[in-house]
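Below, each chain spelled out in residue letters.
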Amino acid sequence: MVKALAYERAHLLDAFAIDLVDVAEPRLRAGDLLVEVRAIGINPGEAAIRRTRSAPPGGRVVLGWEFAGVVVATGPAATGFAVGDRVMGTGDITRDGSWAERVAVDHRVVAPIADELTFADAASLPIGVLTAWEALVRDGDALPAGVGNVLVVGAAGGVGSMATQLLATWTQAFVIGTASRPESREWTTALGADLVVDHHRDLAAQLRDAGVGPVDLVLSTSDTGSRLTSYVELLRPFGHLSFVDAPGRWDLEAVAVRSLSLHGEMVFSTIVTGGDAARQGRILARAAGDVVAGRLRPIGTTTLQGLTPEAMRAAHTLVESGRSVGKTVITL
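Scoring rules and cut-offs
- Each residue is numbered by its place in its chain's sequence as written, counting from 1.
- Thresholds applied to this predicted model are a pLDDT of at least 70 for local features of residues and 80 or more for the giving and counting of side-chain atom pairs; totals over whole chains, interfaces and linings are not thresholded and use all residues.
- Where side-chain values are given, they derive from all heavy atoms of the structure, hydrogens and water being excluded.
- Each residue's exposure class comes from its accessible area (1.4 Å probe, protein chains only) as a fraction of the maximum for that residue type: buried when under 20%, exposed when over 50%, partly exposed otherwise.
- By the criteria applied, helices consist of DSSP H or I runs no shorter than four residues and strands consist of E runs no shorter than two, each listed in order from the N terminus.
- For two strands to be treated as a pair, DSSP must find no fewer than two bridges joining them.
- For the handedness criterion, the strands are oriented away from the viewer, and a crossover whose path from the first strand over the helix to the second runs clockwise is classed as right-handed.
- Axes here mean lines fitted to C-alpha atoms, for a helix over just the part in contact, with angles spanning 0 to 180 degrees between N-to-C directions.
- Here a cavity is any set of points on a 1 Å grid over the protein atoms alone where a 1.4 Å probe fits but cannot get out, and a pocket is any open set with protein on both sides within 12 Å along at least 5 of 7 lines; a residue lines the site when it has an atom within 4 Å of a point.
- Grid points are joined across faces, edges and corners, and a volume is the space filled by probe spheres set on the points.
- Working definition of a nonpolar core: buried Ala, Val, Leu, Ile, Met, Phe, Trp, Tyr and Cys residues. They are joined through side-chain atoms within 4.5 Å.
- Residue contacts are counted whenever heavy atoms from the two residues lie within 4.5 Å of one another.
- Pairs of N or O atoms are called polar contacts if they sit within 3.5 Å, as long as, within protein, a hydrogen donor faces a hydrogen acceptor (for residues adjacent in sequence, only side-chain-to-side-chain pairs).
- The rule is short: rings of Phe, Tyr and Trp, with Trp giving its six-membered ring, pair when the centres are within 6.5 Å, and they are stacked under 30 degrees, edge-to-face over 60, tilted in between.
- Note on criteria: charge over ring means Lys NZ or Arg CZ within 6 Å of the ring centre, with the direction from the centre no more than 35 degrees off the ring normal.

Enquirer: Before we go on, may I ask you to explain the pairing of strand 12 (residues 235-243) in this structure?
Expert: Looking down a regular strand, the side chains alternate between one sheet face and the other. Burial runs high along strand 12: seven of the nine residues are buried. The pairing of strand 11 (residues 215-220) with strand 12 spans five bridges and is classified as parallel. Paired with Leu217 across the bridge in strand 12 is His240. Between the parallel elements strand 11 and strand 12, the chain passes through helix 7 (residues 224-234) in a crossover that is right-handed.

Quick look at the structure:
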């Protein structure tokens, strides 16, 4: 048995019902690694699942798909890893997650981490790196043809923080980030944004004042549905809108008139649908190497201690505030 943070019924933050319980040790599939979890990153998507998804009768839900730890066992088809390796990774949303002492995970969505990278720093990276890069780059390793500038909406959040950095270091794009508070504007600038604008004000007017023409690609990290009209106004014809949230119902007539491309991104789609999961491992490995080399920086800004309901509730409170910068990490 291992300890895990779990719940039975979907619930709101003010009725927080995640408890520390005993669960069976994860069973390995052929391509799995069994990882002893040392740190976990907390994400808005996990809080959304907690609010909306209940366990089947008699079951429980163990969330968490962003972790760093040490390999303690390998499946017969898991190549490239050995017991004792330090790793970071994501997982599979259809399986139990990493809010536990141990997690079983497909080796293809895991990457090794150097000794110089702390578990806490490593746990701040995977979801943001993969979500951002796959939302920006649909195929291969380059932005869509003709994309010279990118607007990252919510640039101080977890995905936005990594998108800003990846654009600044892995591409030649002009990076425009949105942030509304002094601390988030400072953070976004430090991560490499060429221009920072306020998403609570008229974006088009701010870009005009800065001498920036139509935007080639918008990466929207939240409230996409309510902001669609403004994005259409900002984007050039044949431009690109990538979104990583659940935008609800849209009136797409204006999108069609401007021949815009829409790109939805959910980091688990690759592994759930049988896509090239190994590509995700390669992206994570590249990011881990760049952090050690100083080309990227971890985005953990708050570190909480212990696999406890109290730490998890504090993390969810920060995530749901909508005012956190970077990523909240819990170390075990």
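Enquirer: How should unusual backbone geometry be read in this particular structure?
Expert: Glycine aside, residues mostly have negative phi angles, and peptide bonds mostly take the trans form. Located in the positive-phi region is Asp223, a residue other than glycine, with phi close to 55°. Within the secondary structure, Asp223 sits in the loop between strand 11 and helix 7. Judged by relative accessible area, which is 45%, Asp223 ranks as partly exposed. Despite not being glycine, Ser259 shows a phi value in the positive range, around 55°. Along the chain, Ser259 falls in the loop between helix 8 (253-257) and strand 13 (261-264). On the basis of relative accessibility, which here comes to 34%, the residue Ser259 falls in the partly exposed class.

Enquirer: In this structure, what is going on with the sheet that holds strand 8 (residues 149-153)? I would like to understand it.
Expert: Within a sheet, neighbouring strands are paired by backbone hydrogen bonds and run either parallel or antiparallel to one another. If you walk across this open sheet you meet the six strands as 10-9-8-11-12-13, and the pairing is parallel. Across the chains shown, the open sheet's two edge strands, defined by having one partner strand only, are strand 10 (195-197) and strand 13. Strand-to-strand twist in this sheet, taken as the mean axis angle between neighbours without regard to direction, amounts to 20°.

Enquirer: Any chance you could explain empty space enclosed by the protein here in plain terms?
Expert: Rolled over the atoms, a probe sized like a water molecule indicates the empty space that remains. One pass over the full model with this rule turns up one cavity of 30 Å³ or more. Of the volumes computed, that of the largest cavity is approximately 60 Å³. Lining the largest cavity are 13 residues; nearest its centre among them are Gly91, Asp92, Asp96, Val103 and Ala104. Of all the elements, strand 6 (residues 102-106) adds the most residues to the lining of the largest cavity, at three residues.

Enquirer: Which parts of the structure should I look at to understand the nonpolar core?
Expert: Trp99, Leu136, Val150 and Met312 are the most contacted members of the largest nonpolar core, which totals 90 residues. In terms of residue count, the dominant contributor to this core is helix 3 (residues 126-136) (seven residues). Counting 21 residues, the second largest nonpolar core, distinct from the first, contains Val153, Leu203, Leu241 and Val255.

Enquirer: Can you help me understand the environment of Val2 in this one?
Expert: The residue Val2 is located in strand 1 (residues 2-6) in this model. Overall, the relative accessible area of 5% leaves Val2 in the buried class. Along the sequence, Val2 and Pro26 sit 24 residues apart, while their C-alpha atoms lie 8.6 Å from each other.

Enquirer: Help me understand the pairing of strand 5 (residues 86-89) in this model?
Expert: Of the two faces of strand 5, the one lined by Arg86 and Met88 and the one lined by Val87 and Gly89 are each fully buried. In the sheet, strand 4 (residues 67-74) pairs with strand 5 via four bridges, with the strands oriented antiparallel. The residue of strand 5 that forms the bridge with Gly69 is Val87. As paired elements, strand 5 and strand 7 (residues 110-112) share three bridges and run antiparallel to each other. Looking across to strand 7, one finds that Val87 is bridged to Pro112.

Enquirer: What is the right way to look at the environment of Asp96 in this model?
Expert: Residue placement: Asp96 occurs in the loop between strand 5 and strand 6. Assessed through its relative accessible area of 38%, Asp96 is described here as partly exposed. Asp96 sits 53 residues away from Asn43 along the chain, and the two C-alpha atoms are 16 Å apart. Once residues within four sequence positions are removed from consideration, Asp96 is found in contact with Arg60, Val62, Trp65 and Val103. A polar contact is formed between the side chain of Asp96 and the side chain of Arg60, at a distance of 3.0 Å.

Enquirer: Sorry, what's going on with the packing of aromatic side chains here?
Expert: Note on aromatic pairs: each is described by the distance of the centres and the angle between the planes. Scanning all chains against the criterion turns up three aromatic pairs. An angle of 70° between the planes, with centres 5.7 Å apart, marks the rings of Trp65 and Phe268 as edge-to-face. In this pair, Trp65 sits in the loop between helix 1 (44-52) and strand 4 while Phe268 sits in the loop between strand 13 and helix 9 (269-272), placing the two residues 203 residues apart along the sequence. Across the pair, exposure class does not vary: Trp65 and Phe268 are buried alike. When the ring of Phe243 is compared with that of Trp250, the centres are 5.1 Å apart and the planes differ by 65°; the resulting orientation is edge-to-face. As far as burial versus exposure is concerned, Phe243 and Trp250 are alike and both buried. Just above the ring of Phe119 sits the side chain of Arg86; from NZ or CZ to the centre is 4.3 Å.

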